[in-house]
Amino acid sequence: MAQKKTANTNKDKKEWVQLFNGKDLTGWDIKIAGEPLNSNYKNTFRVEDNMIKIEYDQYDKFNEKFGHMYYHKPYSYYILRFQYRFVGNQLAGGAAWNVRNSGVMLHSQSAQSNSLGQDFPVSLELQLLGGLGSGERHTGNLCTPGTIAHVDGKLNLNHCIDSDSKTYHGDRWVQVEAVVLGDSIIHHVIEGDTVLTYTKPMVGGGFVSKDYDWKTAHIDNGDYWMQRQNTLLGEGYIALQAESHPIHFRNIELLDLKGCTDPKASNFKSYYQKSDNTRCVYGKK
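Residues numbered from 1 in each chain as written. Predicted model: local features only at pLDDT ≥ 70, side-chain atom pairs only at ≥ 80, totals over all residues. Heavy atoms only, no water.

(A) Representation of the packing of aromatic side chains. In the structure shown here, the tally under the stated rule is 15 aromatic pairs. By way of ring pairs, the aromatic residues Tyr41, Tyr56, Tyr59, Phe62, Phe66, Phe120, Phe207, Tyr212 and Trp214 are connected into one cluster. Just above the ring of Trp16 sits the side chain of Arg81; from NZ or CZ to the centre is 3.6 Å. Here Arg250 stacks its cationic end above the ring of Trp173, 3.9 Å away from the centre of that ring. (Phe/Tyr/Trp six-rings, centres within 6.5 Å; stacked < 30°, edge-to-face > 60°. Lys NZ or Arg CZ within 6 Å of the ring centre and 35° of its normal.)

In structure tokens, the structure reads:
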């Protein structure tokens, strides 16, 4: 008698992956400007109370120690969600524009590929800003170190592109989602509202500006990136940014939207947006 195939009854159940285990920094690589890979200079990145904290209590001055902590696995089609809050005061020596300013880098180059002194990775920055007590200050913006993107169907060459989010003052937690669909479209979502959408992200636009070019940013292989101008960015790493103001992150999780799209497979998911049938498993999962 032929064996009866088991139906995939979990095809609609979303399988969120926890990128942070709540206990330590397993799975993350640290790169701080001027420091070797995985040197956690002055305990900048730490885990306390089930949070990733970026703190500067062991510093005397910032001294351009821009840092990023990269999840070890690249992704292309996914939803990333997390919460953040700014706390305390900015470290002495940080630029005025970095008060309550941080970000999460999407489609980033790897930690390993950074130059020793590199300030920022080539990436799409989901910029996180906190209110300053009065006035508007949007969060969920896009900043573009070494990259460019289209907004409303037109190439936008501004280094930072403003969202239409609300302003969040004080030390409150803010919920963020990034819906990333390869090199086609990316949405920034703040507290359930889509505040910015852009398309066709690619390498380009110099680094930041004529005054802040590849050399100024301490990037040793600027020629490599310039040769890749207008190359679409379809995947990359996720990185948390440290740039002089303390910030906390929690509940960092990811829903992979790329996977097996064969309904006959036991690991087929109805919500996948990109097919990769090399991942298919047949029979019991």
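(B) Summary view of the pattern of salt bridges. One pass over the full model with this rule turns up 11 salt bridges. Between Arg81 and Glu253 there is a salt bridge, and its shortest N-O distance comes to 2.6 Å. A residue pair is termed long-range when its members are at least 10 positions apart, and Arg81 in strand E6 (residues 77–86) and Glu253 in strand E17 (residues 247–256) qualify at 172 residues. The exposure class assigned to Arg81 is partly exposed, which follows from its relative accessible area of 23%. Take Glu253: its relative accessible area is 13%, and that puts it in the buried class. (Salt bridge = Lys/Arg side-chain N within 4 Å of Asp/Glu carboxyl O. Helix = DSSP H or I, 4+ residues; strand = E, 2+ residues; numbered from the N terminus. Buried < 20%, exposed > 50% of the residue type's maximum accessible area, 1.4 Å probe, protein only.)

(C) Representation of empty space enclosed by the protein in the model. Applying the stated criterion across every chain yields a total of one cavity of 30 Å³ or more. There is about 50 Å³ of room inside the largest cavity. In terms of lining, the largest cavity is formed by Tyr84, Arg85, Phe86, Leu129, Gly130, Tyr168, His169, Gly170, Arg172 and Val174. At three residues, E6 tops the list of elements feeding residues into the lining of the largest cavity. Here the residues of the lining of the largest cavity sort into five nonpolar, three polar and two charged. (1 Å grid on protein atoms, 1.4 Å probe; cavity = no way out; pocket = protein on both sides within 12 Å on 5 of 7 lines; lining within 4 Å. Points joined across faces, edges and corners; volume = space filled by probe spheres on them. Nonpolar A, V, L, I, M, F, W, Y, C, P; charged D, E, K, R; others polar.)

(D) Examining the environment of Leu181 more closely. In this fold, Leu181 is placed in strand E13 (residues 174–181). Judged by its relative accessible area of 16%, Leu181 falls in the buried class. For the pair Leu181 and Tyr78, spaced 103 residues apart in sequence, the C-alpha separation works out to 6.5 Å. Ignoring any residue separated from it by four or fewer positions in sequence, one finds Leu181 in contact with Ser76, Tyr77, Ile186, Leu257 and Gln273. (Contact = heavy atoms within 4.5 Å.)

(E) Focus on the sheet that holds strand E2 (residues 28–32). On the basis of which strands lie adjacent, the open sheet formed by seven strands has the order E2-E5-E16-E7-E8-E9-E12 and antiparallel pairing. Sheet topology places E2 and strand E12 (160–161) at the edges, where each strand pairs with a single neighbour. (Pairing = 2+ DSSP bridges.)

(F) Region of the structure containing the state of the cysteines. Enumeration according to the criterion identifies two disulfides in this entry. The disulfide partner of Cys143 is Cys160, and the S-S distance across this bridge is 2.0 Å. Judged by the sign of its S-S torsion, about 110°, the bond between Cys143 and Cys160 is right-handed. Of this pair, Cys143 sits in strand E9 (residues 141–143) while Cys160 is found in strand E12, placing the two residues 17 residues apart along the sequence. Under the relative-accessibility criterion, Cys160 is labelled partly exposed at 37%. A sulfur-sulfur separation of 2.1 Å characterises the disulfide bridge that pairs Cys260 with Cys280. Here Cys260 and Cys280 share a disulfide; its torsion about the S-S bond, 95°, makes the bridge right-handed. Residue Cys260 is found in the loop between strand E18 (258–259) and strand E19 (274–275), and its partner Cys280 is found in the segment after E19; the two are separated by 20 residues along the sequence. Accessibility classification places Cys260 together with Cys280 in one group, the buried group. (Disulfide = S-S within 2.5 Å.)

(G) Expanded view of unusual backbone geometry. The backbone phi angle of Asp49 is positive, close to 55°, even though this residue is not glycine. As for its position among the elements, Asp49 is in the loop between strand E3 (45–48) and strand E4 (51–54). Judged by relative accessible area, which is 64%, Asp49 ranks as exposed. With a phi angle near 60°, Glu64 is a residue other than glycine that sits in the positive phi range. Locating Glu64 in the fold gives a position in the loop between E4 and strand E5 (67–71).

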